[in-house]
Amino acid sequence: MPRFHFPLQQLLDLRTTAEKRSRSDLVATERALSLERVRLDELSRSCDQALQVTAAVPGHPVETDLLLNNGLHLARLRLRMAAQQARVQQCSDLEEARRYEHSRLSRERQVVERLKERRHEEFRERVAHAETSALDEAAMMVFARQKTEWQSSSTTD
């Protein structure tokens, strides 16, 4: 039986490789986004803590130096938090772009994969047809030989 050969196998291999690379890039981006979100959460908690420290507590004396220092610290944390939010948004945008790219590459690979499956099915049908034809021809030859032998044995009797 002849072997199946798909003429676009190199293209399929290239698309499979590109899809795998795209998937690993997407996973790395998802991991980076997760880290950036954790950092943002940590900064948010730090801001909340600094805000609680700067809040005036009834019955305690107000220390202006401490309030000023905590206020500056809180302002610095808010600036860092704004910058971190920008990094989270940037990572989120990159993740979305990579997810779209991975989806596109996956669809392109699947198109070639379906074509390969169809061509392989056509190949199997052709081989099956050829085998059936060969069996039919062999059966006809056997039948013809048996008929000839039967006729020659009936005429000699």
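Refer to the structure above for everything that follows.
Figured I'd write up the structure that's included with this text. All of these numbers come straight from a predicted model, not from anything done at the bench.

Our focus in this paragraph is the packing of aromatic side chains. We describe a pair of aromatic rings using the distance from one ring centre to the other and the angle between the two ring planes. Counting across every chain of the model gives 2 aromatic pairs. Judged by centre distance (6.5 Å) and plane angle (20°), the rings of F4 and F6 are stacked. Accessibility expressed as a relative area gives 23% for F4, which makes it partly exposed. Given a relative accessible area of 3%, F6 falls into the buried group. Between F4 and F123 the ring centres are 5.5 Å apart and the planes differ by 55°, which places this aromatic pair in the tilted class. Residue F4 is located in the segment before α1 (9–54), and its partner F123 is located in helix α2 (residues 64–156); the two are separated by 119 residues in the primary sequence. Residue F123 is classed as buried on the basis of its relative accessible area, which comes to 10%. Grouping aromatic residues by their ring pairs yields a cluster made of F4, F6 and F123.

What counts, and where the lines are drawn
- All chains use their own residue numbering, which begins from 1 and follows the written sequence.
- It should be noted that, the model being predicted, local features are given only for residues of pLDDT at least 70 and side-chain atom pairs only at 80 or more, the latter also being counted only at that level, while totals for whole chains, interfaces and linings use all residues.
- Side-chain figures throughout are based on the complete set of non-hydrogen atoms in the structure, without hydrogens or water.
- Each pair of aromatic rings taken from Phe, Tyr and Trp, with Trp reduced to its six-membered ring, is defined by centres within 6.5 Å and is described as stacked if the planes are under 30 degrees apart, edge-to-face if over 60, and tilted in the remaining cases.
- With a 1.4 Å probe rolled over the protein chains alone, any residue whose accessible area is under 20% of its type maximum counts as buried; one over 50% counts as exposed, and the rest are partly exposed.
- Put simply, DSSP H or I for four residues or longer makes a helix, DSSP E for two residues or longer makes a strand, and each gets a number counted from the N terminus.

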